[in-house]
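Per-entry structural report
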Amino acid sequence: MRIGIVGTDNSHVDQIVRHLNVDGGGGDARVVALSGGHGRRNDTLAATGGIAEIVDEPTGLLGLVDAVVVADRDGARHRDQAMPFLAEGLPVFVDKPLAHTVADARALIDAARAHDAPLTSSSALRWLPGTDALVARSAQEGNPRLVVVTGPADPAGDHGGIFFYGIHAVDIALRLASGEIADVRTDATGATVVASFTAGDTRVVVNFVRPGRTEQIPFHAMAFTRESMAQQTLVPGADYCVPGLEAFLEMARTGRPPIGYGDLLRPIEVLESVAAALGGGPAGDR
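The present account deals with the structure reproduced in this document.

**Focus: the overall build of the protein**
Counting its secondary structure elements, the protein contains nine helices and 12 strands. Relative to a compact globule of 286 residues, whose C-alpha radius of gyration would be 19 Å, the protein shows 18 Å and is just as compact. The principal-axis extents of the C-alpha atoms in the protein amount to approximately 55 × 45 × 40 Å. The proportion of buried residues among the 286 residues of the protein is 51%. Of all intrachain contacts in the protein linking residues separated by at least 6 positions in sequence, the fraction that spans at least 24 positions is 71%. The average position of the 24 basic charges and that of the 35 acidic charges among the side chains of the protein differ by 4 Å.

Quick look at the structure:
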């Protein structure tokens, strides 16, 4: 399987190239072409992974690849970058976040459906063993009544503000809480942004903590029922992107997305509302 990558400045690309091209993971999948990023960065990746093709525009990958990873760090670009591949029926993994607006996310999903092109997107932290363990413990006690997730995110940061890191905490929270999103409220202080909302019958609170100068707080999640509480500190390992990558490769081989399309929309619904409350939104993103 020939994999193309759009947007190479993301550190996740290093893990993808190492896993597939250096370590020989992913079965027969290999990265064969790159687009975007900077020349020196692309040259280093190409040398590391034995990648022969570097093209200027994403559409230059068409005909060279069987599946695509859109890894650009700015989610506002993802719709334009992914659309040409979905239109050709290729499997596409959009690294977090899927988009910066619900309208863009819906357009990507509509294109995937129209062209029978499997599509997925997620935070890499969604697939951590610790996240899986917390979801399993929570499921044993029944649907949680309250979910609280805390993690770093900078509303004024590069690559889309709250979307860039905020997607991690929101995606974790929504693995624990199913159902439609409603009543999103955002409260901000000097150090934190707090988003609270309902997902189905579950109340969800996500604490985004602005990173410190030298360190950032760890990701932490709690799920409460009436009788119990399960919690987990979530620590990404050196290859934390690999489980999500393997889920994408399985999708590319079977045509079955690992995450339902409704669940791709839910974190974008939350983050778009938070960004708007903070004074961002579609106009600011673009």
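**Description of the side chain of threonine 8**
Along the chain, threonine 8 turns up in the loop between strand E1 (2-6) and helix H1 (12-22). Under the relative-accessibility criterion, threonine 8 is labelled buried at 0%. Discounting residues that sit within four places of it in the chain, threonine 8 has contacts with Val13, Leu34, Ser35, Gly36, Gly37, His38, Arg41, Asn42 and Leu45.

**Focus on the sheet that holds strand E9 (residues 192-199)**
Spatially, the six strands line up as an open sheet ordered E8-E9-E10-E7-E11-E12, and their pairing is mixed. Of all the strands in the sheet, the pair left with one neighbour each is strand E8 (181-188) and strand E12 (229-234). Averaged over all pairs of adjacent strands, the angle between their axes in this sheet comes to 10°, without regard to strand direction. Strand direction decides the pairing type here: E8 and E9, joined by six bridges, are antiparallel. Bridge assignment links arginine 185 to a residue of E9, and that residue is serine 196. On top of the sheet, helix H6 (residues 162-176) reaches strand E7 (146-152), E8, E9, strand E10 (202-209), strand E11 (219-224) and E12; it is set at about 150° to E10, its chief contact. Sitting on the sheet, helix H8 (residues 261-277) is in contact with E8, E9 and E10, with an inclination near 35° to E8.

**Looking at the pairing of E10**
In terms of residue burial, E10 counts as a mostly covered element, since six of its eight residues are buried. Relative to E10, E7 runs parallel, the two sharing seven bridges. Along E10, the bridge assignment pairs glycine 151 with phenylalanine 208. Sheet analysis places E9 next to E10, joined by eight bridges and oriented antiparallel. Note on E10: the bridge partner recorded for threonine 192 is valine 209. Between E9 and E10, which pair antiparallel in sequence order, lie two residues; one of them, glycine 200, sits at a positive phi of approximately 60°.

**Considerations on the pattern of salt bridges**
For the coordinates displayed, the defined rule picks out 10 salt bridges. For the salt bridge of aspartate 239 with arginine 18, the shortest nitrogen-to-oxygen distance reads 2.6 Å. One end of the pair, aspartate 239, is in the loop between E12 and helix H7 (242-254); the other, arginine 18, is in helix H1, with 221 residues separating them in the sequence. Among the residues examined, arginine 18 registers a relative accessible area of 31% and is labelled partly exposed. Across the salt bridge formed by aspartate 72 and arginine 77, the nearest N and O atoms sit 3.0 Å from each other.

**Considering the packing of aromatic side chains**
The full count for this structure, using the stated rule, is three aromatic pairs. Here the aromatic rings of phenylalanine 164 and tyrosine 165 are separated by 5.9 Å at their centres, their planes lie at 50°, and the arrangement is tilted. Given the relative accessible area of 29%, tyrosine 165 is considered partly exposed. Three or more aromatic residues joined by ring pairs form one cluster here, namely Phe164, Tyr165 and Phe219.

**Description of the sheet that holds strand E3 (residues 53-55)**
With parallel pairing, the six strands of this open sheet are ordered in space as E3-E2-E1-E4-E5-E6. What marks the edges here is a single partner per strand, and that holds for E3 and strand E6 (119-122). Across the sheet, the mean angle separating the axes of adjacent strands is 20° when strand polarity is ignored. Direction of pairing for strand E2 (residues 30-35) relative to E3: parallel, over a ladder of three bridges. The residue bridging alanine 33 from the neighbouring strand is glutamate 53, located in E3. Its contacts with the sheet place H1 against E1, E2, strand E4 (67-70) and strand E5 (92-95), and it is angled at close to 145° to E2. Taken strand by strand, helix H3 (residues 78-87) contacts E1, E4, E5 and E6, and its axis lies near 170° from that of E5.

Parameters at a glance
- Residues numbered from 1 in each chain as written.
- Predicted model: local features only at pLDDT ≥ 70, side-chain atom pairs only at ≥ 80, totals over all residues.
- Heavy atoms only, no water.
- Helix = DSSP H or I, 4+ residues; strand = E, 2+ residues; numbered from the N terminus.
- Rg over C-alpha atoms; globule rule 2.2 N^0.38 Å.
- Buried < 20%, exposed > 50% of the residue type's maximum accessible area, 1.4 Å probe, protein only.
- Contact = heavy atoms within 4.5 Å.
- Lys, Arg positive; Asp, Glu negative; His and termini not counted.
- Charge placed at Lys NZ, Arg CZ, Asp CG, Glu CD.
- Pairing = 2+ DSSP bridges.
- Axes fitted to C-alpha atoms, helices over the stretch in contact; angles between N-to-C directions.
- Salt bridge = Lys/Arg side-chain N within 4 Å of Asp/Glu carboxyl O.
- Phe/Tyr/Trp six-rings, centres within 6.5 Å; stacked < 30°, edge-to-face > 60°.

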